[in-house]
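Observations on the three-dimensional arrangement
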Amino acid sequence: MSHFSTIKTELRDRQALLEALRDLGLDPREGALPVRGYRGQTLEAQLAVAQPNGADIGFRFDPETGSYELVTDLDLWKQPVPVERFIAQLNQRYALRTILAASAEEGFQVSEQIQQQDGTIELVVTRWA
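Okay, so let's go over this structure. Residue indices begin from 1 for each chain and proceed along its sequence in written order. Residues qualify for local features only when their pLDDT is at least 70, as the model is predicted, and side-chain atom pairs are given and counted only at 80 or more; totals for whole chains, interfaces and linings, by contrast, use all residues. Excluded from the side-chain calculation are hydrogens and water; included are all heavy atoms of the structure.

1. Some remarks on the environment of Leu90
To be explicit about the condition: Labels follow the DSSP assignment, with helices taken as runs of H or I lasting at least four residues and strands as runs of E lasting at least two, numbered in each case from the N terminus. By definition in these notes, contact holds between two residues if any of their heavy atoms fall within 4.5 Å.
Tracing the backbone shows Leu90 in helix H2 (residues 83–105). Residues Leu90 and Tyr38, 52 residues apart in the sequence, show an inter-C-alpha distance of 24 Å. Once you skip the residues sitting within four places of it in the chain, Leu90 turns out to touch Leu11, Leu17, Ala20, Leu21, Leu24 and Phe59.

Structure, rendered in structure tokens:
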């Protein structure tokens, strides 16, 4: 019997989270959404990503921590990578999106962005005075 699992994260910025999910090739939906699990069970979340098998990956905002937690039925996980790797990739894209937004807010422009073979991302930002 499957059930929902909750994975705590440090993802706090909704826009950066949406952009990070899109960077990973996913199409997140926003709103008070039912996250589908085993045999029609649902949980409510603020963001959801449909999976090909009819189950969802959800992100539910936790007001106590101020961050989004991942909620999904791990027995119905149908992503190309295991959940641990998915979270690592999501965290990397989220960090990149957060840095890009903060840099732009401070008047910086990205002059170079290089994805290394080991998966790291190198950024060069500049600002003209």
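Alright, that's what it looks like, and here's the rest.
2. Observations concerning helix H1 (residues 14–23)
What counts is decided by this rule: Accessible area is worked out with a 1.4 Å probe on protein chains only. A residue is then buried under 20% of its type maximum, exposed over 50%, and partly exposed in between. Pairs of N or O atoms within 3.5 Å make up the polar contacts considered here, provided that, within protein, one atom can donate a hydrogen while the other can accept it, and that residues adjacent in sequence are counted only when both atoms are side-chain atoms.
Taken as a whole, H1 has its buried residues at Ala16, Leu17, Leu18, Ala20 and Leu21. Elements in contact with the buried residues of H1: strand E1 (5–11), strand E2 (29–36), strand E3 (42–50), strand E4 (56–62), strand E5 (67–72) and H2. Taking the backbone nitrogen of Gln15 as reference, a side-chain oxygen 2.9 Å away marks Asp13 as the first, capping residue of H1.

3. Description of the packing of aromatic side chains
As a reminder of what qualifies: Between the rings of Phe, Tyr and Trp (Trp by its six-membered ring), a pair exists once the centres lie within 6.5 Å; its type follows the angle of the planes, with under 30 degrees stacked, over 60 edge-to-face, and the other angles tilted.
Counted under the stated rule, the structure contains two aromatic pairs. Considering the side-chain rings of Trp77 and Phe86, the 5.2 Å spacing of their centres and the 75° angle between planes classify their relative orientation as edge-to-face. Overall, the relative accessible area of 12% leaves Trp77 in the buried class. The exposure class of Phe86 is buried, given its relative accessible area of 3%.

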